[in-house]
Amino acid sequence: MSESYNICLDVGGTKVLGAIFNENREIIYRLKKRSKGEDGASSNIEEVIVSVVEEMIKESGIKKSKINAIASCAPGVIDQDAGIVLFTPNLPMKDYDIKGAMEKRFGVPFYVGNDVNLGVLGEYKYGAAKGYKNVVGFFVGTGMGGGLILNGSLFTGNKFKGAEYGHMILDPEGPLCNCGQRGCLEAFSSKQGMSAYVRQQVARGRKSMLAEHVQDGVFRSKPLKKALAAGDEVAVEAVDRACHWLAVATGNMINTISPDLVLYGGGVIEAVGDIFLKKILAEVDRYCMPQIRSTVDIKTAALGDDSILYGDLALIEENLK
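Values in this document were obtained by computation on a predicted structure and should not be read as measured data. (Residues numbered from 1 in each chain as written. Predicted model: local features only at pLDDT ≥ 70, side-chain atom pairs only at ≥ 80, totals over all residues. Heavy atoms only, no water.)

Some words on the pattern of salt bridges
This is how it is decided: Within this document, salt bridges are pairs made up of a side-chain nitrogen of Lys or Arg and a carboxyl oxygen of Asp or Glu, the two lying within 4 Å of each other. Secondary structure elements are defined from DSSP: runs of H or I of at least 4 residues count as helices, runs of E of at least 2 residues count as strands, and each element is numbered from the N terminus. Buried means the residue's accessible area, taken with a 1.4 Å probe over protein chains only, is under 20% of the maximum for its type, while exposed means over 50%, and partly exposed covers the values in between.
Throughout the structure, instances matching the rule amount to 12 salt bridges. A salt bridge links Lys32 to Asp305, with the shortest nitrogen-to-oxygen separation between them at 3.5 Å. Placement of the pair is Lys32 in strand β3 (residues 27-34) and Asp305 in the loop between β13 (297-300) and α10 (307-319), with a sequence separation of 273 residues. You can call Asp305 partly exposed: its relative accessible area is 31%. A salt bridge links Arg206 to Glu237; the shortest N-O distance between them is 2.8 Å. Here Arg206 is found in the loop between α5 (191-203) and α6 (221-229), whereas its partner Glu237 is found in helix α7 (residues 233-257), with 31 residues between them in sequence. Exposure remark for Glu237: the relative accessible area of 26% places this residue in the partly exposed category. If you follow the salt bridges from partner to partner, you end up with Arg206, Glu233 and Glu237 in one network.

Structural notes on the environment of Tyr126
What counts, and what does not: Note on contacts: a residue pair qualifies if any of its non-hydrogen atoms lie within 4.5 Å across the two residues. Each polar contact in these results corresponds to two N or O atoms within 3.5 Å; when the atoms are within protein, one needs to be able to donate a hydrogen and the other to accept it, and residues that are neighboring in sequence are counted only if both atoms are side-chain atoms.
Mapping Tyr126 onto the fold places it in helix α3 (residues 115-126). When sequence neighbours within four positions are dropped, the list of residues in contact with Tyr126 reads Arg25, Leu303, Tyr310, Leu313 and Glu317. For Tyr126, the side chain forms a polar contact with the side chain of Glu317, separated by 3.1 Å.

A closer look at the pairing of strand β7 (residues 94-97)
In plain terms, the rule: Strand pairing follows a simple DSSP-based rule, namely that at least 2 bridges must link the two strands.
With 3 bridges joining them, strand β6 (residues 84-87) and β7 adopt antiparallel strand pairing. Residue Phe87 lies in a different strand from β7, and its bridge partner there is Lys94. Hairpin connection, β6 to β7: the antiparallel pair is bridged by 6 residues.

Description of the sheet that holds β7
Convention followed: Here, axes are lines fitted to C-alpha atoms. For helices the fit covers the stretch in contact, and angles between N-to-C directions go from 0 to 180 degrees.
Sheet architecture is open: 3 strands sit in the order β5-β6-β7, paired in antiparallel fashion. Edge positions in the sheet fall to β5 (77-79) and β7, since each has one partner strand and no second. Averaged over all pairs of adjacent strands, the angle between strand axes in this sheet comes to 20°, irrespective of strand direction. Along the sheet, helix α2 (residues 98-106) makes contact with β6 and β7, crossing β7 at roughly 25°.

Thoughts on the confidence of the model for the protein chain
Low pLDDT means the predicted coordinates in that region are not meant to be read closely. Operational definition: As a per-residue measure, pLDDT tells how confident the predictor is, with possible values from 0 to 100.
On average, residues of the protein chain score 93 in pLDDT, and 97% of them reach the 70 mark or higher. Taken together, the stretch residues 37-42 has pLDDT below 50 and engages in 9 contacts with residues farther than four places along the chain or on a different chain.

A short note on the side chain of Ser189
With respect to the helices, strands and loops of the structure, Ser189 is situated in helix α4 (residues 185-189). By relative accessible area, Ser189 is classed as buried at 0%. In terms of polar contacts, Ser189 uses its side chain to reach the backbone carbonyl oxygen of Ala242, at 2.7 Å. If near-sequence neighbours (up to four positions away) are discounted, Ser189 is found in contact with Val140, Met144, Met194, Ala242, Trp245 and Leu246.

Rendered as structure tokens:
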């Protein structure tokens, strides 16, 4: 039997990560490119996506005729049936027909879903959430996404617009979020929210190892890890603030859903997940009912950077059945 392959993409606020899977669900090639320049300006996101796919095909040596399908996430509201990115707060995509553009370019089926929906699906199928029936997922990256597994199935709500609880409003007078509201979880607890706090403190004359990393955008996860290890006061405060509001949001979701598992993933958790988990666990019990909390596990994702890629793979497999 001839081999075939699937191409999976994680399109984030600052990068496009691509992987090629073989028939055994093994990654045989991967590539990452930044979707923003060093000055923080957004690149043409379609060009970046296309270049990642084309370079992976070329460098891996596989034939285009052996590709079954391509799947991608996008961080925002997606019309999954039509393959249209309706809105994303952290990328220049609005009413963007990504499915039409990619299928015209590569001539194979293309599927797209919300990034954290797919990340949680990947963890449910192949990672830390395997075996659980009801899962609440928070993915902490450039933005803040949510994903839900309810009664063993991915829940996406009406028209695939559900589970956007990264934009639950926790403080109506809080910081401005890219979605246009104030006081969203994302505005406090994402890399954008933490970076904004660092910039604010630096503008007040305080010193921080992260100062140069947030001048034109968001810090990367490695500098955050170094700053925390060095006891940088401003970085520690930014993380404490992020974890406080994550604990509040987690308590709200525990009371609302009564899940088997609350799962934290994303680039920040991949880098400093132990620190985040410890701080969240120290607070979360204050914000939910003890009788509900007692039946909830809380974990970090097992697949790291690959959670969404495996969710893409699950999306392809479901559509090609």
